[in-house]
Amino acid sequence: MTDTTLFHQPLAETLVEHPYIEDFMTSFGLVIKPDSNSLQHYLDNLNPDTLEDLGISSEQLRQSLDSFLDGMLALSDPMDKVETLTIFGGVDKSGQAENHELTLKPGEVICIVGPTGSGKSRLLADIEWVAQGDTPTGRKILINGQVPDSKWRFSTEYKLVAQLSQNMNFVMDLSAEEFIRMHAESRLVTNPDEKVAHILQQANELAGETFTPDTPVTSLSGGQSRALMIADMAILSKSPIALIDEIENAGIDRKKALDLLVQEEKIILMATHDPILALMGDRRLVIKNGGIDKIIESSEAERKNLVSLEALDNKLLALRNRIRTGDTLEHI
């Protein structure tokens with residue numbers, strides 16, 4: 001419901017707090033100015049002939065304004081805190097019970113592993129839909145230990161999962177800075193300049209090759225695009241769960257990407273075929289035949305092995321980069 005107090009305070013205050021009201025009126029061909037009168041006074045004193053010329057009644061205008069404000073205020077309101085997300089197992093493709101209960105918390109990295117077609121996407125869809133036994137798997141999802149509010153399922157403003165797929169294509173004729181600024185302004189952030197600068201800085205730290213704020217998004221490489229969107233997801237997205245599909249193909253610093261998302265207190269679900277990335281997670285969900293076959297907790301021994309594997313992987317990456325720049329095996 002729209003906060004009715006904004007209809008009765010001076011327009012000089014209302015338009016500062018809610019500048020998009022001016023855009024709304026302009027879209028109808030109406031002019032609104034900040035003065036000591038209230039928004040309600042403005043609406044009550046609109047010329048009926050003007051509204052008739054615009055093809056709208058005062059009642060229709062107020063209904064449209066109320067709906068618009070409900071949507072904009074929902075965007076600016078903080079999303080309810082997700083302390084835990086619990087998955088109650090359903091059945092696999094053969095109808096066999098999963099017999100698993102899994103609770104996820106912010107700051108955790110959960111790796112989803114399994115062959116193509118095993119059911120990784122179905123698991124994500126169940127979480128995103130906040131399934132209540134009404135999907136093919138019969139899984140149930142609880143938020144903070146309770147059956148979730150319907151807004152998690154039906155509201156466009158409250159998206160549980162922010163997803164970054166393998167394929168990135170930009171078609172907008174914007175620079176990287178303009179693109180991120182547009183997103184920041186659409187989210188109604190109070191400090192867009194700071195947010196934009198932070199996202200661009202983080203993206204350049206993730207990318208294998210840096211880019212400038214005025215670089216056209218259509219000119220970004222695959223790795224630069226993924227780095228930009230991961231930074232955007234971490235810093236601007238309200239969604240408490242982040243899914244990244246095969247980050248190993250992105251050409252970015254994988255560990256820094258995960259650290260950035262963890263710092264923003266998101267639950268991270270990562271579908272991967274990379275054994276190193278799989279070991280970086282707190283837990284691994286092994287998907288088989290459409291169901292969760294195993295839940296594997298990362299052990300201390302695996303953590304120790306991960307250090308050696310990362311060192312070896314960095315050496316191989318450096319070797320590959322040297323070969324790409326023209327060095328021969330004899331020089332190396």
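Each remark here, short or long, concerns the structure printed above.
Residues numbered from 1 in each chain as written. Predicted model: local features only at pLDDT ≥ 70, side-chain atom pairs only at ≥ 80, totals over all residues. Heavy atoms only, no water.

Side note on the overall build of the protein
Going by this rule: Helix and strand definitions here come from DSSP, where helices need a minimum of 4 consecutive H or I residues and strands a minimum of 2 consecutive E residues; each element is numbered from the N-terminal end. Computed with a 1.4 Å probe, the accessible areas rest on the Shrake-Rupley method; for each residue, only the protein chains presented here act as cover.
Counting its regular elements, the protein contains 13 helices and nine strands. As presented, the protein carries roughly 17,500 Å² of accessible surface, and 50% of it is formed by carbon and sulfur atoms.

Side note on the packing of helix H10 (residues 222-235) against helix H11 (residues 254-263)
Worth spelling out the cut-off: Only C-alpha atoms enter the line fits that serve as axes; for helices the fit covers just the stretch in contact. Angles between N-to-C directions range over 0 to 180 degrees. Our angle categories are set so that under 35 degrees counts as roughly parallel, over 145 as roughly antiparallel, 65 to 115 as roughly perpendicular, and the remainder as oblique. Crossing handedness: left-handed means the near helix sits turned counterclockwise from the far one by under a right angle, and right-handed means the same turn made clockwise. It only takes one pair of heavy atoms within 4.5 Å for two residues to be counted as in contact.
Axis separation between H10 and H11 bottoms out at 8 Å; the angle between their running directions is 15°. The angle between H10 and H11 falls in the class roughly parallel. Here the hand of the crossing between H10 and H11 comes out left-handed. Contacts between H10 and H11 involve Ile230, Ala231, Met233 and Ala234 from the former and Ala257, Leu260 and Leu261 from the latter.

With respect to the sheet that holds strand E5 (residues 161-164)
Strand pairing in a sheet relies on backbone hydrogen bonds, with the paired strands running either antiparallel or parallel. As a reminder, the rule being used: At least two bridges found by DSSP between two strands are what make those strands a pair.
Ordered in space as E5-E6-E7-E3-E8-E9, the six strands form an open sheet in which the pairing is mixed. One side of each edge strand has no neighbouring strand; the edge strands of this open sheet are E5 and strand E9 (291-297). With strand direction ignored, the average angle separating the axes of adjacent strands in the sheet is 20°. Pairing geometry for strand E3 (residues 109-113) and strand E7 (residues 267-271), over four bridges, is parallel. Pairing of Cys111 across the sheet is with Met270, part of E7. Each of E3, strand E6 (241-245) and E7 is contacted by H11, which is oriented at about 150° to E7, the strand it contacts most.

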